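Understanding the architecture of this molecule
Here is how the chains run, residue by residue.
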Amino acid sequence: MTTAAPGKPYAEVIGDPIAQSKSPVIHGFWLDRLAIDARYRATLVASDGLSDYLASRRADADWLGCNVTMPHKQAVIPLIDRLDPVAERIGAVNTIVREGETLVGYNTDAAGFLEPLADRLAQAHYFRMARIIGTGGAARAIIVALSNEGFTLVLAGRNPDKARDLLDTLDPGGEHHAIDLAHFADATDFPFDDREGCLDLVVNASPLGMRGQPALTFDWSHAPPGSVAYDIVTDPLDTAFLAGARMRGLQTVDGLSMLIGQAAVAFEKFFGRPAPRDAESEAALRKRLLA
């Protein structure tokens, strides 16, 4: 583990592996734009070093907090002092913030996921449904975020029993459905009813389709007309899933939208100022991330 220069406030992202993290680019860009005299960096922390890491950072007055990536999002929970209610419900922490002498755990993934949907969510709908692919950590945050917004969920995973357990744990009062991921692989001739006044999402919350991972097989006949396709994968940014949606004439949201959105929530908690999110800054940040 590295140590920061004395007297300079800093935050960081921890995980194992960590070299692939885009968080230092995002936070560093915003720090430069706002001329904040602070740093943000990536720090490799193995599972067996997590407790020692947090103990050392508690004693470092310059440390503002950290973002948390795999495999630590649940392991950090017993090592911090308090959980934000959203993080407690999700059962995972992706941001730890020093608040006085207290380490508080947050989950900014839910807010980050919803951010690019804000205009749509501000509208009234008589029905909202989301088809979600994946049962991992990201899916937990997305399930909570969408159930809070009144969505009926269809959660697809390789293990439907795990999907059912996840729905029952995270939103026990919801009328949601769990299915086998294979259900979406073959074409359907299901006659969708009139979707006017509805909001339909199809979300890839899994690593399928990511570089080095198996492909995601999804037949777009399963998506109602007017659906919004949302893929949280960031490498590649333009996935086959999103390309297939565009071929059906559907609107799409890419993985950088959630990544930047969740980082903005954490940035303000660390550094006390909102991240610059004007159109010019967003375009410049995306260009840097894709360089």
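My aim in this report is to walk through the structure given alongside it, one point at a time. (Residues numbered from 1 in each chain as written. Predicted model: local features only at pLDDT ≥ 70, side-chain atom pairs only at ≥ 80, totals over all residues. Heavy atoms only, no water.)

Here's the deal with the overall build of the protein chain
Across its full length, the protein chain carries 10 helices and 12 strands. For 291 residues, the compact-globule estimate of 2.2 N^0.38 gives 19 Å, and the C-alpha radius of gyration of the protein chain, at 20 Å, lies within 12% of that figure. In terms of its C-alpha atoms, the protein chain occupies a principal-axis envelope of roughly 65 × 40 × 40 Å. The buried share of the protein chain, reckoned over its 291 residues, is 51%. Look at the contacts in the protein chain between residues 6 or more apart in sequence, and 68% of them connect residues 24 or more apart. Just so you have it, the protein chain exposes about 13,300 Å², and 52% of that area is on carbon and sulfur atoms. Distance from the positive charge centre (28 side chains) to the negative charge centre (38 side chains) of the protein chain: 5 Å. (Helix = DSSP H or I, 4+ residues; strand = E, 2+ residues; numbered from the N terminus. Rg over C-alpha atoms; globule rule 2.2 N^0.38 Å. Buried < 20%, exposed > 50% of the residue type's maximum accessible area, 1.4 Å probe, protein only. Contact = heavy atoms within 4.5 Å. Areas by Shrake-Rupley, 256 points an atom, 1.4 Å probe, with all protein chains shown as cover. Lys, Arg positive; Asp, Glu negative; His and termini not counted. Charge placed at Lys NZ, Arg CZ, Asp CG, Glu CD.)

Here's the deal with the nonpolar core
Formed by 32 residues in total, the largest nonpolar core has its most connected members in F113, I132, L146 and L201. Taken together, the elements giving at least two residues each to this core come down to α4 (109-114), β7 (127-133), α6 (137-148), β8 (152-157), α7 (160-170), β10 (198-204) and β11 (228-231). Sorting elements by how many residues they give to this core places α6 first, with seven residues. Ranked by size, the runner-up nonpolar core spans 26 residues in total, among them W30, L34, A263 and A266. (Core = buried A, V, L, I, M, F, W, Y, C linked by side-chain atoms within 4.5 Å.)

Describing the sheet that holds strand β12 (residues 251-253)
Where strands meet in a sheet, backbone hydrogen bonds hold them as pairs that are either parallel or antiparallel. Pairing is parallel in the open sheet, where six strands are placed in the order β9-β8-β7-β10-β11-β12. Looking at strand neighbours, the two that pair on one side only are β9 (177-180) and β12, the edges of this open sheet. Taken pair by pair, the neighbouring strands of this sheet meet at an average axis angle of 20 degrees, ignoring direction. Where β7 meets β8, five bridges bridge the pair, whose relative direction is parallel. Pairing of R131 across the sheet is with V154, part of β8. Of the strands in this sheet, β8 and β9 touch α7, which is tilted by about 160 degrees from β9. (Pairing = 2+ DSSP bridges. Axes fitted to C-alpha atoms, helices over the stretch in contact; angles between N-to-C directions.)

Structural notes on the packing of helix α9 (residues 255-271) against helix α10 (residues 279-290)
Put simply, α9 and α10 touch, their axes get as near as 12 Å, and they point 110 degrees apart. The angle between the axes of α9 and α10 places the two elements in the roughly perpendicular class. Crossing of α9 over α10 shows right-handed handedness. Residues L256, S257 and I260 of α9 pack against E282, L285, R286, L289 and L290 of α10. Per-class residue counts for the contact of α9 with α10 are five nonpolar, one polar and two charged. (Parallel < 35°, antiparallel > 145°, perpendicular 65-115°, else oblique. Left-handed = near helix turned anticlockwise from the far one by under 90°. Nonpolar A, V, L, I, M, F, W, Y, C, P; charged D, E, K, R; others polar.)

Some words on the sheet that holds strand β3 (residues 63-68)
Taken together, the six strands give an open sheet; going across it, the order is β2-β1-β3-β5-β6-β4, and neighbouring strands pair in mixed fashion. Every interior strand has two partners, whereas the edge strands, β2 (39-44) and β4 (82-83), have only one. In terms of strand pairing, strand β1 (residues 10-15) meets β3 through five bridges, oriented parallel. Looking across to β3, one finds that E12 is bridged to C66.

A few points about unusual backbone geometry
The amide bond that connects D16 to the next residue, P17, takes the cis arrangement and shows omega of 10 degrees. Relative to the elements of secondary structure, P17 occurs in the loop between β1 and α1 (23-34). Cis geometry is adopted by the peptide bond preceding P71, which originates at M70 and carries an omega value of 10 degrees. Checked against the element boundaries, P71 lands in the loop between β3 and β4.

Considering the packing of α1 against α9
Between α1 and α9, the least distance of the axes is 10 Å, while the angle of their chain directions is 55 degrees. One element, α1, and the other, α9, form an angle in the oblique class. Crossing handedness for the pair α1 and α9: right-handed. Here I26, H27, W30, L31 and L34 of α1 come into contact with α9, specifically with L259, I260, A263, A264, A266, F267, F270 and F271. The residue inventory of the contact of α1 with α9, partitioned by class, reads 12 nonpolar, one polar and no charged.

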